[in-house]
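# Geometric and topological summary
Read off the chains here:
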Number of protein chains: 2
Amino acid sequence: MVEIRIAVDTDKPAVWQIIKAVIAGGDTYVYPPDSPEDEMTAYWFGREKNTYIAVDDGTIVGTFWIKANQPGLGSHVANAAYMVSPDAGGKGIGRQMAEFSLKEARRLGFSAMQFNFVVKSNAVAVKLWQSVGFEIIGEIPNAFDHSRDGLTNAYIMYRRL
Amino acid sequence: MVEIRIAVDTDKPAVWQIIKAVIAGGDTYVYPPDSPEDEMTAYWFGREKNTYIAVDDGTIVGTFWIKANQPGLGSHVANAAYMVSPDAGGKGIGRQMAEFSLKEARRLGFSAMQFNFVVKSNAVAVKLWQSVGFEIIGEIPNAFDHSRDGLTNAYIMYRRL
């Protein structure tokens, strides 16, 4: 049974293990695969973010954050990012975090959510976002330097809340 | 004769006057019209940015910056923002900064430039960007809380360098 809760400082080492494993592939996120722990943890737990974890039977198996995508006059649109431990793939944890985050973003007062950079070849993610109501509202040519495919496109995705 | 050069610390007060005047309208940028000077100056001169000014006969009439739009595997795409003093509008300073910035971004090693948030109703800006080769690659519904029009759309624009 997966439980989702707000991340606290003592979760950082476990969250870092997930980040490290996910960015190592160089195929879904822009963060350099060799990003240092302190930098990535500071980023993922940044003050402007609400950071969460998904816990499966005592083990942290996923993490995500929600923040405003723009300041001021654009701050009603949320942005978010999600990572699932590669050891816990295929168990629906991404979907559970996605659904939770939409409700949570609404609760935080956001009226829409936007992803600025969904790697086009990351079919699992694109399909997941579409299945929970996101639409592709733009495509950036050659936006992502994929570790195997080289320059590849990224989608901008959006849904109202 | 307008000259463009890299901004230095002593340019900050004059740059702030331009920022203050531009954001006061609440019709082109997301930054709250009442943003404090220290915050906005720190942002505009942030370490990750290359910040420039346009000087007309000794007076700073415009400013812009160039930075990577994403870290790591997305860092080959530039992002930029531009402001012209309302007192100096209609003199082609925006266009001069635009053209300079494209060359400069190329020189800095970027292979494309992306604007994440061009207010759709800002027709002067949209037209200028199109005239120097940018295309609209996406449109974000209700992205901008315009001071007079309320929720209005924003474009994502892009061009190769």
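Refer to the structure above for everything that follows.
### Description of the interface of chain A and chain B
Residue-level contacts link 28 residues of chain A with 27 residues of chain B. Around 2100 Å² of area is buried between chain A and chain B when both sides are counted, 66% of it from carbon and sulfur atoms. Of all residues in chain A, V30, L73 and I137 of chain A bury the most surface against chain B, accounting for 27% of the area lost on that side. Our count for the chain A to chain B interface comes out at zero salt bridges. Put simply, chain A and chain B have ten residue pairs in polar contact (both at pLDDT 80 or more) between them. A total of nine residues in the side of chain A that touches chain B trace back to one element, the largest contributor, which is strand β6 (residues 135-146) of chain A. Within the side of chain A that touches chain B, the residues separate by chemical class into 17 nonpolar, eight polar and three charged.

### Describing the packing of aromatic side chains
Using the criterion set out here, one finds 28 aromatic pairs over all chains in the structure. Relative to F115 of chain B, the ring of Y82 of chain B has its centre 5.9 Å away and its plane inclined at 85 degrees; by these criteria the two rings are edge-to-face. With Y82 of chain B in strand β4 (residues 77-84) and F115 of chain B in strand β5 (residues 112-119), this residue pair connects regions lying 33 residues apart in the sequence. The class of Y82 of chain B is buried, set by a relative accessible area of 10%. Cluster of aromatic residues (ring-pair linked, three or more members): Y52, F64, Y82, F100, F115, W129 and F134 of chain A. The ring of W65 of chain A has K49 of chain A lying over it, and the distance from NZ or CZ to the ring centre is 5.0 Å.

### Describing the pairing of β5 of chain B
Along any regular strand the residues' side chains alternate between the sheet's two faces. Residue and element names in this part refer to chain B. Burial analysis of β5 places seven of its eight residues in the buried class, the great majority of the element. Pairing between β4 and β5: two bridges, direction parallel. By the bridge assignment for β5, A78 is matched with M113. Once the chain exits β4 it traverses helix α3 (residues 93-107) before rejoining the sheet at β5, and the crossover so formed is right-handed.

### What to know about the relation of the copies chain A and chain B
Taken as rigid bodies, chain A and chain B are interconverted by a rotation of 180 degrees and an axial shift of 0.0 Å, the fit giving an RMSD of 0.0 Å. What we have between these two chains is a two-fold relation. Minimal C-alpha separation from the rotation axis in chain A is found for G138 of chain A, amounting to 2.0 Å. An overlap of 96% is found between the interface residues of chain A and their copies at the interface of chain B, pointing to a shared contact surface.

### Thoughts on the side chain of S85 of chain B
Residues and elements named next belong to chain B. Note on placement: S85 falls in the loop between β4 and α3. Since its relative accessible area comes to 11%, S85 is described here as buried. Discounting chain neighbours no more than four positions away, the residues touching S85 are I18 and V61.

### So, the environment of P36 of chain B
Examined against the element boundaries, P36 of chain B turns out to sit in the loop between α1 (12-24) and α2 (37-44). Along the chain, P36 of chain B and W16 of chain B lie 20 residues apart, while their C-alpha atoms are 9.7 Å from each other.

### Some thoughts on the pairing of strand β7 (residues 150-160) of chain B
Residues and elements named next belong to chain B. With eight of its eleven residues buried, β7 lies for the most part within the structure. Where β5 meets β7, six bridges bridge the pair, whose relative direction is antiparallel. Paired with V119 across the bridge in β7 is A154.

### Some details on the nonpolar core
Note on soluble globular proteins: their nonpolar side chains tend to be buried together. Within the largest apolar cluster, 62 residues are counted, with the highest numbers of intra-cluster contacts made by M83 of chain A together with M83 of chain B. Aside from chain neighbours lying at most four places away, what touches M83 of chain B is I18, I19, V22, I23, Y29, Y31, W44, V61, G62, T63 and M97 of chain B.

### Thoughts on the pattern of salt bridges
A side chain with one charge may pair with a side chain of the opposite charge, provided their charged atoms come close. If you walk through the whole model with that rule in mind, you get 15 salt bridges over all chains. A salt bridge links K12 of chain A to D9 of chain A; its shortest N-O distance comes to 3.4 Å. In this structure D9 of chain A comes out as exposed when scored by relative accessible area, which is 56%. A salt bridge links K49 of chain B to E48 of chain B, with the nearest nitrogen and oxygen atoms 2.9 Å apart.

Conventions used here
Residues numbered from 1 in each chain as written. Chains lettered and ligands numbered in written order. Predicted model: local features only at pLDDT ≥ 70, side-chain atom pairs only at ≥ 80, totals over all residues. Heavy atoms only, no water. Contact = heavy atoms within 4.5 Å. Buried area = accessible area lost by both parts, 1.4 Å probe. Salt bridge = Lys/Arg side-chain N within 4 Å of Asp/Glu carboxyl O. Polar contact = N/O pair within 3.5 Å; in protein donor to acceptor, adjacent residues only side chain to side chain. Helix = DSSP H or I, 4+ residues; strand = E, 2+ residues; numbered from the N terminus. Nonpolar A, V, L, I, M, F, W, Y, C, P; charged D, E, K, R; others polar. Phe/Tyr/Trp six-rings, centres within 6.5 Å; stacked < 30°, edge-to-face > 60°. Buried < 20%, exposed > 50% of the residue type's maximum accessible area, 1.4 Å probe, protein only. Lys NZ or Arg CZ within 6 Å of the ring centre and 35° of its normal. Pairing = 2+ DSSP bridges. Right-handed = clockwise from strand over helix to strand, strands pointing away. Least-squares fit on C-alpha atoms with pLDDT ≥ 70 in both. Core = buried A, V, L, I, M, F, W, Y, C linked by side-chain atoms within 4.5 Å.

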